[in-house]
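In case you want the letters, here they are:
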Amino acid sequence: MTPTPRIAIGSRVRKSPFWNATIAAGATEFTVYNHMYMPTSYGDPEAEYRRLTETVAIWDVAAERQVEIAGPDARDLTQRLCARDIMSCQPGRARYAPMCDHEGHLINDPVVLCLDNDRFWFSIADSDVLLWAKAVAGERGADVDVFEPDVSPLAVQGPHAAALAADLFGPELIGSLGMFHHTFVDLGGIPVVLCRSGWSKQGGFEMFLTDGSLGDELWRRVTEAGEKHGLGPGTPNQQERIESGLLSFGSDTDPRTDPIEAGLGAFVSLDMDHDFIGRDALRSRMADGTARRVIVNVEFDGDTPRCENPWDVSIDGHHVGRVRNAVWSPRMSKVIGLALLPTAIAGPGTRLDVATPDGQCTARISETPFGTVQG
Ligand code: THG
(Lines give C-alpha, C1' and ligand atoms only; values in the text may rest on other atoms or scores of the structure.)
Protein backbone atom coordinates (compact mmCIF):
# COMPACT_ATOMS: atom_id res chain seq x y z
CA MET A 1 0.00 0.00 0.00
CA THR A 2 1.30 3.49 -0.77
CA PRO A 3 1.98 5.36 2.46
CA THR A 4 -0.30 8.29 3.31
CA PRO A 5 1.62 11.50 2.63
CA ARG A 6 2.16 13.83 5.57
CA ILE A 7 2.24 17.60 5.59
CA ALA A 8 5.62 18.96 6.69
CA ILE A 9 5.59 21.30 9.68
CA GLY A 10 7.70 24.43 9.23
CA SER A 11 8.03 28.05 10.22
CA ARG A 12 6.45 29.53 7.06
CA VAL A 13 2.98 28.36 8.06
CA ARG A 14 1.96 30.04 11.30
CA LYS A 15 1.21 28.11 14.47
CA SER A 16 -1.71 28.94 16.71
CA PRO A 17 -1.12 30.12 20.30
CA PHE A 18 -2.95 26.88 21.23
CA TRP A 19 -0.54 24.69 19.20
CA ASN A 20 1.30 23.23 22.20
CA ALA A 21 -1.95 22.57 24.02
CA THR A 22 -3.50 20.78 21.03
CA ILE A 23 -0.42 18.58 20.57
CA ALA A 24 -0.45 17.75 24.30
CA ALA A 25 -4.17 16.93 24.00
CA GLY A 26 -3.39 14.42 21.23
CA ALA A 27 -4.13 16.18 17.92
CA THR A 28 -3.38 13.73 15.10
CA GLU A 29 -4.28 15.70 11.95
CA PHE A 30 -4.03 19.31 10.86
CA THR A 31 -5.11 21.25 7.83
CA VAL A 32 -3.67 24.52 6.56
CA TYR A 33 -6.26 27.30 6.81
CA ASN A 34 -5.51 30.98 6.29
CA HIS A 35 -1.80 30.06 6.16
CA MET A 36 -1.99 28.53 9.66
CA TYR A 37 -2.13 24.98 11.01
CA MET A 38 -5.56 24.04 12.33
CA PRO A 39 -6.31 20.70 14.05
CA THR A 40 -8.86 18.54 12.21
CA SER A 41 -8.73 15.36 14.29
CA TYR A 42 -7.74 13.87 17.63
CA GLY A 43 -7.84 10.35 16.19
CA ASP A 44 -11.32 9.28 17.35
CA PRO A 45 -14.03 10.83 15.15
CA GLU A 46 -16.87 9.01 16.95
CA ALA A 47 -15.85 10.31 20.36
CA GLU A 48 -15.38 13.81 18.95
CA TYR A 49 -18.85 13.80 17.35
CA ARG A 50 -20.40 12.51 20.60
CA ARG A 51 -18.67 15.17 22.67
CA LEU A 52 -19.90 17.91 20.36
CA THR A 53 -23.50 16.68 20.26
CA GLU A 54 -23.84 15.35 23.84
CA THR A 55 -21.47 17.31 26.12
CA VAL A 56 -18.96 19.98 25.08
CA ALA A 57 -15.82 20.19 22.93
CA ILE A 58 -12.94 22.67 22.88
CA TRP A 59 -11.70 23.72 19.42
CA ASP A 60 -8.57 25.59 18.37
CA VAL A 61 -9.97 27.88 15.66
CA ALA A 62 -7.21 30.52 15.80
CA ALA A 63 -6.88 30.01 12.03
CA GLU A 64 -10.14 31.97 11.73
CA ARG A 65 -7.84 34.98 11.61
CA GLN A 66 -9.03 38.51 12.29
CA VAL A 67 -8.86 41.50 10.00
CA GLU A 68 -9.40 44.73 11.91
CA ILE A 69 -10.75 47.85 10.24
CA ALA A 70 -10.52 50.91 12.49
CA GLY A 71 -10.99 54.62 11.92
CA PRO A 72 -13.53 57.24 10.81
CA ASP A 73 -14.46 55.36 7.60
CA ALA A 74 -14.47 51.88 9.19
CA ARG A 75 -18.24 51.35 9.01
CA ASP A 76 -18.50 52.56 5.42
CA LEU A 77 -15.63 50.37 4.30
CA THR A 78 -16.93 47.33 6.21
CA GLN A 79 -20.31 47.81 4.51
CA ARG A 80 -18.65 48.16 1.12
CA LEU A 81 -16.92 44.80 1.66
CA CYS A 82 -19.95 42.88 2.97
CA ALA A 83 -23.06 41.75 1.10
CA ARG A 84 -25.16 41.97 4.29
CA ASP A 85 -26.38 45.10 6.05
CA ILE A 86 -23.64 46.32 8.40
CA MET A 87 -24.82 49.93 8.72
CA SER A 88 -27.34 48.89 11.42
CA CYS A 89 -24.97 46.55 13.31
CA GLN A 90 -24.44 47.92 16.83
CA PRO A 91 -21.36 47.71 19.05
CA GLY A 92 -21.44 44.43 20.96
CA ARG A 93 -23.13 42.60 18.08
CA ALA A 94 -21.80 40.39 15.31
CA ARG A 95 -23.18 39.36 11.94
CA TYR A 96 -22.47 36.46 9.62
CA ALA A 97 -21.75 38.46 6.46
CA PRO A 98 -20.87 36.99 3.03
CA MET A 99 -18.32 38.92 0.96
CA CYS A 100 -18.36 39.09 -2.85
CA ASP A 101 -15.98 40.16 -5.60
CA HIS A 102 -17.18 42.62 -8.25
CA GLU A 103 -18.72 39.79 -10.29
CA GLY A 104 -20.81 38.70 -7.31
CA HIS A 105 -18.78 35.57 -6.59
CA LEU A 106 -18.41 34.57 -2.94
CA ILE A 107 -14.86 35.32 -1.72
CA ASN A 108 -15.31 34.75 2.04
CA ASP A 109 -18.07 34.38 4.65
CA PRO A 110 -16.76 35.94 7.85
CA VAL A 111 -18.43 36.60 11.15
CA VAL A 112 -18.11 40.39 11.47
CA LEU A 113 -17.90 41.79 15.00
CA CYS A 114 -18.78 45.42 15.59
CA LEU A 115 -16.50 46.33 18.51
CA ASP A 116 -17.28 50.01 18.33
CA ASN A 117 -18.84 52.43 15.84
CA ASP A 118 -15.43 52.91 14.24
CA ARG A 119 -13.93 49.48 14.83
CA PHE A 120 -14.74 46.07 13.24
CA TRP A 121 -13.20 42.60 13.17
CA PHE A 122 -13.68 40.24 10.25
CA SER A 123 -13.32 36.71 11.62
CA ILE A 124 -12.49 35.10 8.34
CA ALA A 125 -12.86 31.84 6.46
CA ASP A 126 -10.01 30.57 4.29
CA SER A 127 -9.05 33.38 1.87
CA ASP A 128 -6.87 36.49 1.97
CA VAL A 129 -9.29 39.15 3.22
CA LEU A 130 -6.48 41.31 4.67
CA LEU A 131 -5.03 41.96 1.19
CA TRP A 132 -8.46 42.53 -0.33
CA ALA A 133 -9.52 44.97 2.40
CA LYS A 134 -6.23 46.88 2.24
CA ALA A 135 -6.55 47.21 -1.54
CA VAL A 136 -10.16 48.38 -1.45
CA ALA A 137 -9.37 50.84 1.37
CA GLY A 138 -6.33 52.20 -0.47
CA GLU A 139 -8.06 52.57 -3.83
CA ARG A 140 -11.00 54.37 -2.22
CA GLY A 141 -8.81 56.63 -0.09
CA ALA A 142 -10.69 55.48 3.01
CA ASP A 143 -9.58 56.98 6.32
CA VAL A 144 -8.96 53.66 8.11
CA ASP A 145 -6.29 51.31 9.42
CA VAL A 146 -6.55 47.77 8.07
CA PHE A 147 -4.40 45.25 9.92
CA GLU A 148 -4.29 41.93 11.71
CA PRO A 149 -4.65 42.34 15.49
CA ASP A 150 -3.29 39.85 18.05
CA VAL A 151 -6.52 37.84 18.28
CA SER A 152 -7.01 34.06 18.41
CA PRO A 153 -10.44 32.44 18.73
CA LEU A 154 -10.89 29.36 20.93
CA ALA A 155 -14.34 27.75 20.70
CA VAL A 156 -16.40 25.68 23.11
CA GLN A 157 -19.32 23.99 21.36
CA GLY A 158 -21.97 21.58 22.55
CA PRO A 159 -25.06 21.32 24.75
CA HIS A 160 -23.01 21.82 27.96
CA ALA A 161 -21.13 24.86 26.61
CA ALA A 162 -23.45 27.33 28.34
CA ALA A 163 -23.02 25.66 31.76
CA LEU A 164 -19.26 25.68 31.28
CA ALA A 165 -19.26 29.32 30.19
CA ALA A 166 -21.41 30.21 33.22
CA ASP A 167 -18.80 28.62 35.50
CA LEU A 168 -16.02 30.56 33.77
CA PHE A 169 -17.68 33.94 33.27
CA GLY A 170 -20.61 33.98 35.67
CA PRO A 171 -24.26 33.01 35.08
CA GLU A 172 -25.48 36.65 34.80
CA LEU A 173 -23.18 37.44 31.91
CA ILE A 174 -23.92 34.19 30.10
CA GLY A 175 -27.67 34.51 30.72
CA SER A 176 -27.71 37.94 29.10
CA LEU A 177 -25.36 37.21 26.17
CA GLY A 178 -27.61 36.53 23.17
CA MET A 179 -26.66 34.79 19.93
CA PHE A 180 -23.98 36.83 18.13
CA HIS A 181 -23.57 39.19 21.12
CA HIS A 182 -20.07 39.75 22.40
CA THR A 183 -18.31 41.52 25.24
CA PHE A 184 -14.78 42.25 26.51
CA VAL A 185 -13.99 40.17 29.61
CA ASP A 186 -11.00 39.44 31.79
CA LEU A 187 -10.74 35.78 32.76
CA GLY A 188 -8.44 36.03 35.77
CA GLY A 189 -5.84 38.06 33.90
CA ILE A 190 -6.55 36.57 30.44
CA PRO A 191 -8.13 39.18 28.14
CA VAL A 192 -10.80 37.82 25.77
CA VAL A 193 -13.73 38.98 23.71
CA LEU A 194 -16.46 36.47 24.49
CA CYS A 195 -19.03 35.88 21.74
CA ARG A 196 -21.96 33.48 21.56
CA SER A 197 -21.17 31.98 18.17
CA GLY A 198 -19.47 29.05 16.48
CA TRP A 199 -19.48 26.72 13.52
CA SER A 200 -21.99 24.17 14.84
CA LYS A 201 -25.69 24.08 15.64
CA GLN A 202 -25.03 22.62 19.10
CA GLY A 203 -24.73 26.02 20.77
CA GLY A 204 -21.57 27.52 22.16
CA PHE A 205 -19.14 30.36 22.57
CA GLU A 206 -15.97 31.69 21.07
CA MET A 207 -13.30 33.27 23.25
CA PHE A 208 -11.25 35.66 21.13
CA LEU A 209 -7.96 35.71 23.05
CA THR A 210 -6.33 39.14 22.66
CA ASP A 211 -2.87 38.19 23.99
CA GLY A 212 -1.30 35.38 22.00
CA SER A 213 1.26 34.69 24.73
CA LEU A 214 -1.53 33.33 26.97
CA GLY A 215 -2.72 30.45 24.75
CA ASP A 216 -1.60 27.64 27.07
CA GLU A 217 -3.07 29.46 30.06
CA LEU A 218 -6.51 29.95 28.44
CA TRP A 219 -6.62 26.33 27.21
CA ARG A 220 -5.73 25.13 30.73
CA ARG A 221 -8.37 27.28 32.43
CA VAL A 222 -11.10 26.14 30.07
CA THR A 223 -10.20 22.44 30.15
CA GLU A 224 -10.00 22.45 33.97
CA ALA A 225 -13.40 24.09 34.28
CA GLY A 226 -14.74 21.79 31.58
CA GLU A 227 -13.84 18.55 33.31
CA LYS A 228 -17.11 18.30 35.21
CA HIS A 229 -19.08 19.14 32.04
CA GLY A 230 -17.56 16.28 30.04
CA LEU A 231 -15.33 18.53 27.95
CA GLY A 232 -12.76 17.04 25.61
CA PRO A 233 -10.83 18.14 22.54
CA GLY A 234 -12.48 18.47 19.16
CA THR A 235 -12.28 20.38 15.89
CA PRO A 236 -14.64 22.05 13.45
CA ASN A 237 -16.72 18.98 12.68
CA GLN A 238 -17.58 17.99 9.10
CA GLN A 239 -20.26 15.50 10.12
CA GLU A 240 -22.23 17.85 12.33
CA ARG A 241 -21.87 20.91 10.12
CA ILE A 242 -23.11 19.06 7.02
CA GLU A 243 -26.01 17.59 9.01
CA SER A 244 -26.73 21.13 10.23
CA GLY A 245 -26.34 22.90 6.88
CA LEU A 246 -23.42 25.23 7.69
CA LEU A 247 -21.30 26.30 4.73
CA SER A 248 -17.58 25.56 4.40
CA PHE A 249 -16.29 28.24 2.06
CA GLY A 250 -13.80 26.90 -0.52
CA SER A 251 -14.76 23.34 0.29
CA ASP A 252 -18.45 23.42 -0.70
CA THR A 253 -17.98 26.30 -3.14
CA ASP A 254 -15.88 26.81 -6.26
CA PRO A 255 -14.40 30.15 -7.43
CA ARG A 256 -17.55 31.02 -9.40
CA THR A 257 -20.15 30.26 -6.71
CA ASP A 258 -22.29 33.21 -5.66
CA PRO A 259 -23.79 33.53 -2.17
CA ILE A 260 -27.31 32.74 -3.41
CA GLU A 261 -26.11 29.49 -4.97
CA ALA A 262 -24.27 28.77 -1.71
CA GLY A 263 -27.57 28.97 0.19
CA LEU A 264 -26.71 32.26 1.89
CA GLY A 265 -29.57 34.28 0.36
CA ALA A 266 -30.97 35.04 3.83
CA PHE A 267 -27.68 36.77 4.72
CA VAL A 268 -27.47 38.95 1.58
CA SER A 269 -29.11 42.39 1.73
CA LEU A 270 -29.75 42.76 -2.01
CA ASP A 271 -32.41 45.45 -1.60
CA MET A 272 -30.32 47.64 0.67
CA ASP A 273 -29.64 51.23 -0.43
CA HIS A 274 -26.01 51.08 0.65
CA ASP A 275 -23.84 49.78 -2.12
CA PHE A 276 -21.53 46.81 -1.61
CA ILE A 277 -19.02 45.12 -3.88
CA GLY A 278 -20.89 42.68 -6.11
CA ARG A 279 -24.39 44.11 -5.49
CA ASP A 280 -25.11 45.11 -9.09
CA ALA A 281 -23.68 41.86 -10.46
CA LEU A 282 -25.80 39.84 -8.02
CA ARG A 283 -28.93 41.85 -8.85
CA SER A 284 -28.51 41.19 -12.56
CA ARG A 285 -27.70 37.51 -12.03
CA MET A 286 -30.93 37.23 -10.03
CA ALA A 287 -32.93 39.20 -12.61
CA ASP A 288 -31.87 37.16 -15.64
CA GLY A 289 -31.92 33.80 -13.87
CA THR A 290 -28.20 33.22 -14.21
CA ALA A 291 -27.98 32.06 -10.61
CA ARG A 292 -28.17 28.72 -12.29
CA ARG A 293 -26.70 26.47 -9.65
CA VAL A 294 -27.36 25.56 -6.06
CA ILE A 295 -25.65 23.54 -3.35
CA VAL A 296 -27.94 20.61 -2.54
CA ASN A 297 -27.93 17.94 0.14
CA VAL A 298 -27.41 14.40 -1.14
CA GLU A 299 -27.82 10.97 0.47
CA PHE A 300 -25.73 8.05 -0.81
CA ASP A 301 -27.07 4.53 -1.21
CA GLY A 302 -23.88 2.92 0.13
CA ASP A 303 -20.43 3.66 1.45
CA THR A 304 -18.02 6.07 -0.21
CA PRO A 305 -14.33 6.81 0.23
CA ARG A 306 -13.19 10.15 1.70
CA CYS A 307 -13.97 13.02 -0.66
CA GLU A 308 -10.49 14.43 -1.32
CA ASN A 309 -11.41 15.89 -4.72
CA PRO A 310 -14.79 16.85 -6.17
CA TRP A 311 -16.58 13.85 -7.74
CA ASP A 312 -18.34 14.12 -11.09
CA VAL A 313 -22.11 13.71 -10.99
CA SER A 314 -24.17 12.55 -13.97
CA ILE A 315 -27.79 11.88 -14.78
CA ASP A 316 -28.58 9.52 -17.71
CA GLY A 317 -24.92 9.68 -18.72
CA HIS A 318 -24.81 13.50 -18.86
CA HIS A 319 -22.38 15.34 -16.61
CA VAL A 320 -24.36 17.79 -14.45
CA GLY A 321 -22.07 18.91 -11.62
CA ARG A 322 -19.98 17.73 -8.71
CA VAL A 323 -20.19 16.33 -5.22
CA ARG A 324 -17.80 18.43 -3.15
CA ASN A 325 -18.08 16.73 0.25
CA ALA A 326 -19.28 13.41 1.64
CA VAL A 327 -19.22 12.15 5.24
CA TRP A 328 -20.75 9.41 7.34
CA SER A 329 -23.70 10.91 9.21
CA PRO A 330 -24.34 9.44 12.65
CA ARG A 331 -27.72 11.18 12.72
CA MET A 332 -28.87 9.84 9.34
CA SER A 333 -26.98 6.52 9.56
CA LYS A 334 -25.75 6.90 6.01
CA VAL A 335 -23.23 8.80 3.94
CA ILE A 336 -24.45 12.32 3.21
CA GLY A 337 -22.87 15.07 1.18
CA LEU A 338 -23.16 18.31 -0.72
CA ALA A 339 -23.27 18.78 -4.49
CA LEU A 340 -23.18 21.88 -6.66
CA LEU A 341 -25.81 21.27 -9.36
CA PRO A 342 -27.95 23.21 -11.87
CA THR A 343 -31.04 24.63 -10.17
CA ALA A 344 -33.29 23.12 -12.86
CA ILE A 345 -32.59 19.54 -11.75
CA ALA A 346 -31.99 20.21 -8.07
CA GLY A 347 -35.33 19.06 -6.65
CA PRO A 348 -35.45 16.51 -3.80
CA GLY A 349 -35.70 12.93 -5.03
CA THR A 350 -33.59 13.35 -8.18
CA ARG A 351 -31.33 10.30 -8.65
CA LEU A 352 -27.64 10.87 -9.30
CA ASP A 353 -24.73 8.74 -10.52
CA VAL A 354 -21.52 9.71 -8.76
CA ALA A 355 -18.00 8.79 -9.90
CA THR A 356 -15.84 8.16 -6.82
CA PRO A 357 -12.21 7.00 -7.01
CA ASP A 358 -13.48 3.57 -5.85
CA GLY A 359 -16.06 3.34 -8.65
CA GLN A 360 -19.59 4.49 -9.52
CA CYS A 361 -22.17 4.89 -6.80
CA THR A 362 -25.71 6.17 -6.62
CA ALA A 363 -27.25 8.92 -4.54
CA ARG A 364 -30.38 11.04 -4.37
CA ILE A 365 -30.95 14.70 -3.72
CA SER A 366 -32.52 15.04 -0.30
CA GLU A 367 -34.34 17.70 1.62
CA THR A 368 -32.81 20.84 3.13
CA PRO A 369 -32.26 20.63 6.04
CA PHE A 370 -31.43 16.93 6.20
CA GLY A 371 -34.06 14.65 7.68
CA THR A 372 -37.02 17.06 7.39
CA VAL A 373 -39.01 14.77 5.04
CA GLN A 374 -38.54 11.09 4.47
CA GLY A 375 -38.51 10.52 0.70
N1 THG B 1 -16.58 31.65 13.98
C2 THG B 1 -15.77 32.70 13.76
N3 THG B 1 -15.23 32.95 12.58
C4 THG B 1 -15.49 32.12 11.54
C5 THG B 1 -16.33 31.01 11.70
C6 THG B 1 -16.88 30.78 12.97
N7 THG B 1 -14.94 32.37 10.34
C8 THG B 1 -14.98 31.39 9.30
C9 THG B 1 -16.23 30.55 9.30
N10 THG B 1 -16.59 30.17 10.65
C11 THG B 1 -17.38 31.32 8.70
N12 THG B 1 -18.53 30.47 8.45
C13 THG B 1 -19.66 30.50 9.23
C14 THG B 1 -20.76 29.82 8.75
C15 THG B 1 -21.95 29.85 9.47
C16 THG B 1 -22.03 30.54 10.67
C17 THG B 1 -20.93 31.17 11.15
C18 THG B 1 -19.74 31.17 10.43
C19 THG B 1 -23.29 30.59 11.44
N20 THG B 1 -24.46 30.47 10.80
C21 THG B 1 -25.74 30.39 11.45
C22 THG B 1 -26.71 29.70 10.52
O23 THG B 1 -26.42 29.63 9.33
O24 THG B 1 -27.71 29.21 11.01
C25 THG B 1 -26.34 31.72 11.88
C26 THG B 1 -26.30 32.81 10.90
C27 THG B 1 -27.11 34.05 11.31
O28 THG B 1 -28.18 33.89 11.92
O29 THG B 1 -26.69 35.18 11.01
O30 THG B 1 -23.29 30.75 12.64
O31 THG B 1 -17.63 29.79 13.21
N32 THG B 1 -15.48 33.50 14.77
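To start, this report covers the structure provided alongside it.

Procedures and definitions
Residues numbered from 1 in each chain as written. Predicted model: local features only at pLDDT ≥ 70, side-chain atom pairs only at ≥ 80, totals over all residues. Heavy atoms only, no water. Helix = DSSP H or I, 4+ residues; strand = E, 2+ residues; numbered from the N terminus. Rg over C-alpha atoms; globule rule 2.2 N^0.38 Å. Buried < 20%, exposed > 50% of the residue type's maximum accessible area, 1.4 Å probe, protein only. Contact = heavy atoms within 4.5 Å. Axes fitted to C-alpha atoms, helices over the stretch in contact; angles between N-to-C directions. Parallel < 35°, antiparallel > 145°, perpendicular 65-115°, else oblique. Left-handed = near helix turned anticlockwise from the far one by under 90°. Nonpolar A, V, L, I, M, F, W, Y, C, P; charged D, E, K, R; others polar. Near = heavy atom within 4 Å. Polar contact = N/O pair within 3.5 Å; in protein donor to acceptor, adjacent residues only side chain to side chain. Areas by Shrake-Rupley, 256 points an atom, 1.4 Å probe, with all protein chains shown as cover. Pairing = 2+ DSSP bridges.

## Some remarks on the overall build of the chain
Of the regular secondary structure elements, the chain holds nine helices and 21 strands. Against the globule reference of 21 Å for 375 residues, the chain gives a C-alpha radius of gyration of 21 Å, in line with a compact fold. With respect to the three principal axes, the spread of C-alpha positions in the chain is 65 × 50 × 40 Å. Among the 375 residues that make up the chain, the fraction classed as buried is 53%. When contacts within the chain are restricted to residue pairs at least 6 apart in sequence, long-range pairs at least 24 apart make up 64% of them.

## Considering the packing of helix H3 (residues 74-81) against helix H4 (residues 129-140)
Contact geometry of H3 with H4 gives a least axis separation of 11 Å together with a crossing angle of 120 degrees. Classified by the angle their axes make, H3 and H4 are oblique. Considering the relative orientation of H3 and H4, their crossing is right-handed. Every residue of H4 that contacts H3 at Leu77, Arg80 and Leu81 is listed here: Trp132, Ala133, Val136, Ala137 and Arg140. Looking at side-chain class alone, the contact of H3 with H4 contains six nonpolar, no polar and two charged residues.

## A look at the site of the ligand
Surrounding the ligand, one finds 17 residues, the nearest of these being Arg84, Asp109, Ser123, Lys201 and Glu206. Contact between the ligand and Glu64: a nitrogen atom at 3.3 Å from a side-chain N or O atom of the residue. Contact between the ligand and Glu206: a nitrogen atom at 2.7 Å from a side-chain N or O atom of the residue. Computed on the free molecule, the ligand has an accessible area of 650 Å², of which 86% lies beneath the protein chains in the complex. In terms of residue class, the shell around the ligand is made up of 10 nonpolar, two polar and five charged.

## Re the sheet that holds strand S16 (residues 293-300)
One closed barrel accounts for six strands, arranged S16-S19-S18-S17-S20-S21; its pairing is antiparallel. The average angle at which neighbouring strand axes cross in this sheet is 40 degrees, direction not considered. Of the pairings in the sheet, the one linking strand S20 (residues 351-356) to strand S21 (residues 359-365) comprises six bridges and is antiparallel in character. Of the residues in S21, the one forming a bridge with Arg351 is Arg364.

## Brief notes about the environment of Lys134
With respect to the helices and strands, the residue Lys134 is situated in helix H4. Linking Lys134 and Val67, residues 67 residues apart in sequence, is a C-alpha distance of 9.8 Å.

## Re the sheet that holds strand S9 (residues 119-123)
With antiparallel pairing, the five strands of this open sheet are ordered in space as S5-S8-S9-S4-S10. Whereas interior strands pair on both sides, the edge strands pair on one side only; in this sheet they are strand S5 (93-96) and strand S10 (145-147). Sheet twist, expressed as the average angle between the axes of neighbouring strands with direction ignored, equals 20 degrees. Judged from the four bridges that link them, S5 and strand S8 (residues 111-116) form a sheet pairing that is antiparallel. Its bridge partner being in S8, Arg93 is matched across the sheet by Cys114. Here H4 sits on the sheet and contacts strand S4 (66-70), S9 and S10; the angle it forms with S10, its principal contact strand, is near 165 degrees.

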